[in-house]
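# Summary of the model geometry
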Amino acid sequence: LIASCASVEPPSEEEGLTADPCTGPPVSFAESEPNNGSTEADHNVVETEDGDLIITGSSASCGNDGTNWTGDVDVFEVSYGCGGLAEVALTWTSANDSDGDDDDSADDSAANSEGSTDPVADLDYNILAPQLSTTHYAAVGYNWDNNAENASVVELAGPLRVSVMCWSGEAAQEWTFMITWDESSAAGDDDDSSSE
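Here is a short report on the structure shown in this document. (Residues numbered from 1 in each chain as written. Predicted model: local features only at pLDDT ≥ 70, side-chain atom pairs only at ≥ 80, totals over all residues. Heavy atoms only, no water.)

This next bit is on the overall build of the chain. Helix and strand counts for the chain stand at one helix and 12 strands. Each helix (α) and strand (β) of the chain, taken in turn from the N terminus, gives the series α-β-β-β-β-β-β-β-β-β-β-β-β. For the chain, the proportion of its 196 residues judged to be buried stands at 33%. In the form shown here, the chain has an accessible surface area of approximately 11200 Å², with 48% of it arising from carbon and sulfur atoms. (Helix = DSSP H or I, 4+ residues; strand = E, 2+ residues; numbered from the N terminus. Buried < 20%, exposed > 50% of the residue type's maximum accessible area, 1.4 Å probe, protein only. Areas by Shrake-Rupley, 256 points an atom, 1.4 Å probe, with all protein chains shown as cover.)

This next bit is on the environment of Ser28. Relative to the elements of secondary structure, Ser28 occurs in strand β1 (residues 24–30). Relative accessible area serves as the criterion here: at 61%, Ser28 is assigned to the exposed category. Separated by 18 residues in sequence, Ser28 and Val46 place their C-alpha atoms 9.2 Å apart.

Chemically, a disulfide is nothing more than a covalent bond linking the sulfur atoms of two cysteines. If you walk through the whole model with that rule in mind, you get two disulfides. Here Cys22 is linked by a disulfide to Cys82, with a sulfur-sulfur distance of 1.9 Å. On the S-S bond that ties Cys22 to Cys82, the torsion sits near 105°, and the link is right-handed. With Cys22 in the loop between α1 (2–6) and β1 and Cys82 in the loop between β4 (73–79) and β5 (83–94), this pair connects stretches of sequence that are 60 residues apart. We note that Cys22, like Cys82, is buried. Across a sulfur-sulfur distance of 1.9 Å, Cys62 and Cys166 are joined as a disulfide pair. Taking the torsion about the sulfur-sulfur bond, which here is approximately 80°, the covalent link between Cys62 and Cys166 counts as right-handed. Here Cys62 is found in the loop between β3 (51–59) and β4, whereas its partner Cys166 is found in strand β11 (residues 160–169), with 104 residues between them in sequence. The disulfide pattern of the chain is 1-3, 2-4 when the bonded cysteines are numbered in sequence order. (Disulfide = S-S within 2.5 Å.)

Below, the discussion takes up the side chain of Asn44. As for its placement among the helices and strands, Asn44 is situated in strand β2 (residues 44–47). Overall, the relative accessible area of 4% leaves Asn44 in the buried class. From its side chain, Asn44 meets the backbone oxygen of Ser32 in a polar contact 2.8 Å long. (Polar contact = N/O pair within 3.5 Å; in protein donor to acceptor, adjacent residues only side chain to side chain.)

Here's what the structure looks like:
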């Protein structure tokens, strides 16, 4: 048994994946419950046209045990037959912020019971791209302060598993998750230099 286990080699991730660039039309998708990923079928399936993606949803509850999310987790299986560099961003609006109040001074913070100022909510995401790696996330966003400038540029390819979670804060956070492709790039093409 030891010899048979030792002879099994995981697929090499050093060779990289080549894929066509994602240049299709954009798609918008609205979350539907249940989609907390607790079972194989408990997720939303998002069919793209190999272009930009906007997913909208809400976090029904926020919470953590210090290590893991214990509140609402929203999971999406996203179809892509392409890849390349993409900008990934997660933004949100507290239900209390969208009541028509034009004063934005309290939108990003609220006093907690000890009197300190903390973000109204801490929403996070992770993206698994199995064609790039089955053991590491392709992208993560932790402890964001809801600033669109916090977008990350990452390499993505193939089908994706996207999860959006609320670590702490008020419930009823209306969120928007976006993938915006760099249409000039393709997965595996990291040589931007001109040939000599």
